[in-house]
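# Reading the structure
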Amino acid sequence: MTDLTHQHAPVDRVDYEVLDMLACNTGAASSIVPEAVGETVSELVVTTAMTYTQYRRDQLALDADLEGDLGIDSVVLMSIIDDVAKALSLPDGLAAEIDVQSLRGLIAELAARCGVEVIEAQRDDAMSEPATSAELAVGELDPIRPPGTTPWDDRSMRDFMDAGDPDLFAKTAEFAAHRRAREAEHLYWYGMPLRSRCANRALIHDELTGRTREFLMFASNNYLGLANHPEVVDAICTATRLYGATNTGCRIIGGTNELHKELERRLAAFKGRQAGIVYPGGYAANLGCISALVRIKDALIVDRLNHMSIVDGAKLSGGLRKIYRHNDMADLERVLDRCAGQARGMLIATDGVFSMHGDICDLPEIVRLARSYGARVLVDDAHATGVLGDRGTGTAEHFDMKGEVDLELGTMSKTLAGMGGFVVGDEEVIDYLRFYSNSYVFAATIPAGVAAGMIAAIGVMEREPERITALWANIRQLHRYLTDAGFDLEDSRSAIIPIVVGDERRAMEMGRAVRARGLFCQTVVFPGVGLGHARLRVSVTSEHTAEDLALAAQIFIDAGRETGVLPGTEAAVGGGRQLTQEAERR
């Protein structure tokens, strides 16, 4: 008999080896480990019910009444039974023979049809208590896979932006069904919570399966490892005890703390500018800065791959928005030439490092063209601060152009290990923004404790330039591994390395294969990138060790072979394993 009451960890995915054995020997499951059959049946029932009901796993109590508590009527139940029976290679027509009142009852009935008796449990906590998959080492392939019973839906997130229905909520129901189907196959894995500090490795809890596992972390923007630096953490704690948890108003009405002003001074000095202004977030910085400076008769000229906050800043401003092809300076000049006769003033806004592509803007040519046409330049250094330049001050330093860019903008939630956004530039421009940026004037700002942490982070950066040296050594090493393996990394020249896949389904499948081996990076589909440009986005930090990088490369290679992103040859996979051995010898 198989007792599922206390088996937490295994009951989370479907074991395809068990399904294959059942398919070859239906009705004789006694030759298979009974627990494995029971676990497989249980997982198939739960994931299939999730698909048909749109419930999360934690909402499907095994002992709940199917119709009264879960709303699973006879029609839905028949569909669940038919799908699970097919996956288990059981005879057709079982739905007409099975009469159960709960999911646990259905699990027991179907397990019995496979020749396994399941003990009825009195409590329902087996599916709700989280489990830790400590037995799986980072890099070890999880042998348990998702059910694979959900038909592929080739719609993307773009298809749910407008349902064409007068009920504004209609599209939300359609998207919910789409998302649950993706989650049931472990293709959507967004927003899973960490249960540890975010360093080169992290514990992540999978809310779909109830399991917690250690992952190699390649989805963090903690580029210099400052988020966990003792000096930064201590500064936050000390200031919070002194000044309290948060502020009680916006910056111009009772919400300014002396640490806010000190942070602005430190940011301006770090960037080599006259003054700085701190916003509640990086998104708010672009919204507030652009909408304050660009008005209805002006034009904002943007690279087509700029961050969405720049796009939304243009919309909020009411000015003309003109787009030039990515990093195409001839096209930028064409747009400037046309705008010169249409717009009163012009602002060219560009990412310093493009967040989903990892390449760098052509700042020297942008500045040259701006001067020729009388335009101003704003560079968003969200992913360049702490990464580009010998001191890590960003794109202008990288090109030896300090003081030649009108405005430098950034976020403090990445390298600077805090929260908020900032703009630095000439003092009179920054003062103007304090009174005309709505996202500054009408919003509460960051807590004083967070400001203290970022002041400390700047101090560590300035004292320890070796962190930037270590970061770039890691970037170059992983880039070399992945290029040698044959991946398309576009023109990445930063801590962001894209593994370009193109097809959305294949990208999600590769992301799933990577996670199954204990590595977490972002799977980016629309709207993060355009349709047909899906990718895995890999973020490198100074904290990654040589072993981490070699193991990560091996995982990407093996996942690429599995999913067809790379051609599958045993020699190539063996080469991936050699990377770890090479790192261990160092």
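Residues numbered from 1 in each chain as written. Predicted model: local features only at pLDDT ≥ 70, side-chain atom pairs only at ≥ 80, totals over all residues. Heavy atoms only, no water.

## Quick notes on the nonpolar core
Formed by 74 residues in total, the largest nonpolar core has its most connected members in L263, L478, F487 and F556. With ten residues, helix α15 (residues 448-463) is the single largest residue contributor to this core. Grouped together as the second largest cluster of nonpolar side chains are 30 residues, V41, L66, I98 and I107 included. (Core = buried A, V, L, I, M, F, W, Y, C linked by side-chain atoms within 4.5 Å. Buried < 20%, exposed > 50% of the residue type's maximum accessible area, 1.4 Å probe, protein only. Helix = DSSP H or I, 4+ residues; strand = E, 2+ residues; numbered from the N terminus.)

## Topic: the packing of helix α6 (residues 230-243) against α15
Direction vectors running N to C along α6 and α15 enclose 150°, while the axes themselves pass 7 Å from each other. For the element pair α6 / α15, the angle class is roughly antiparallel. By crossing handedness, the relation of α6 to α15 is classed as right-handed. Contact with α6, carried on its side by E231, V232, A235, I236, A239, T240 and Y243, involves A448, G449, A452, G453, A456, A457, V460 and R463 of α15 and no other residues of that element. Here the residues of the contact of α6 with α15 are counted per class, giving ten nonpolar, three polar and two charged. (Axes fitted to C-alpha atoms, helices over the stretch in contact; angles between N-to-C directions. Parallel < 35°, antiparallel > 145°, perpendicular 65-115°, else oblique. Left-handed = near helix turned anticlockwise from the far one by under 90°. Contact = heavy atoms within 4.5 Å. Nonpolar A, V, L, I, M, F, W, Y, C, P; charged D, E, K, R; others polar.)

## Details of the layout of surface pockets
Space inside the largest pocket adds up to approximately 650 Å³. Together, 20 residues line the largest pocket, and R304, P527, G528, V529 and G530 are the ones closest to its centre. Considering only residue class, the lining of the largest pocket consists of nine nonpolar, eight polar and three charged. (1 Å grid on protein atoms, 1.4 Å probe; cavity = no way out; pocket = protein on both sides within 12 Å on 5 of 7 lines; lining within 4 Å. Points joined across faces, edges and corners; volume = space filled by probe spheres on them.)

## Focus on the pattern of salt bridges
Should their charged atoms come close, side chains of opposite charge can pair. Per the stated rule, a full pass over the model turns up 33 salt bridges. Across the salt bridge formed by R368 and E365, the nearest N and O atoms sit 2.5 Å from each other. Of this pair, R368 and E365 both sit in helix α11 (residues 363-373), three residues apart, which is roughly one turn of the helix. According to the relative accessible area criterion, R368 is partly exposed, its value standing at 40%. When its relative accessible area of 23% is taken as the criterion, E365 is described as partly exposed. Each of K271, R273, D381, K402, E408 and D426 takes part in one network of salt bridges that share partners. (Salt bridge = Lys/Arg side-chain N within 4 Å of Asp/Glu carboxyl O.)

## A look at the sheet that holds strand β8 (residues 376-380)
In spatial order, the strands read β4-β10-β9-β8-β7-β5-β6; together these seven strands make up an open sheet with mixed pairing. Across the chains shown, the open sheet's two edge strands, defined by having one partner strand only, are β4 (275-279) and β6 (320-324). For this sheet, the mean angle separating the axes of adjacent strands, direction not counted, is 20°. By the bridge criterion, three bridges tie β8 to strand β9 (residues 407-411) in an arrangement that is parallel. Directly across from V379, in β9, lies its bridge partner E408. Running over the sheet, helix α8 (residues 282-293) touches β4, β5 (299-303), β8, β9 and β10 (421-425) and is turned about 155° from β9. (Pairing = 2+ DSSP bridges.)

## Description of a nonpolar patch on the surface
Together, L293, Y432, F435 and Y436 make up an exposed nonpolar region whose accessible area comes to about 430 Å². By residue number, the principal contributor to the nonpolar patch is helix α13 (residues 427-436), which donates three residues. Note that Y432 resides in helix α13. (Patch = residues over 30% accessible without salt bridge, like charges linked within 9 Å, V, L, I, M, F, W, Y side chains within 5 Å. Areas by Shrake-Rupley, 256 points an atom, 1.4 Å probe, with all protein chains shown as cover.)

## With respect to the pairing of β6
In terms of strand pairing, β5 meets β6 through five bridges, oriented parallel. The residue bridging V302 from the neighbouring strand is I323, located in β6. Between β5 and its parallel partner β6, the chain crosses via helix α9 (residues 308-317), and the hand of that crossover is right-handed. (Right-handed = clockwise from strand over helix to strand, strands pointing away.)

## A closer look at the pairing of strand β3 (residues 211-217)
With six of its seven residues buried, β3 lies for the most part within the structure. The pairing of strand β2 (residues 201-206) with β3 spans six bridges and is classified as antiparallel. Bridge pairing links I204 to R213 in β3. In textbook terms, the turn of a hairpin is the stretch between consecutive antiparallel strands, and for β2 and β3 this stretch comprises four residues, one of which, G210, has a positive phi near 80°. Two elements, β3 and strand β12 (residues 519-520), share two bridges in a ladder whose sense is parallel. From the neighbouring strand, L216 faces β12, where its bridge partner is L519.

## Structural notes on the sheet that holds strand β11 (residues 496-502)
In spatial order, the strands read β11-β14-β13; together these three strands make up an open sheet with antiparallel pairing. Each end of this open sheet is capped by a strand with a single partner; those strands are β11 and β13 (522-524). On average, adjacent strands in this sheet sit at an angle of 25° to one another, irrespective of strand direction. Note: β11 against strand β14 (residues 534-539), six bridges, orientation antiparallel. Within β14, the position partnered with I496 by the bridge is S539. Where helix α17 (residues 504-516) meets the sheet, its contacts fall on β11, β13 and β14, and the angle it forms with β14 comes to roughly 35°.

## Remarks on the side chain of S102
Tracing the backbone through its elements, the reader meets S102 in the loop between α3 (74-87) and α4 (103-113). With near-sequence residues (within four places) excluded, S102 lies in contact with L62, D63, A64 and L66.

## Concerning unusual backbone geometry
A cis amide bond links F526 to the next residue, P527, at an omega of 10°. Along the polypeptide, P527 turns up in the loop between β13 and β14. Here E490, not a glycine, exhibits a phi torsion of approximately 50°, which is positive. As for its position among the elements, E490 is in the loop between α16 (466-485) and β11. Of the residues examined, E490 reaches a relative accessible area of 38% and is grouped as partly exposed.

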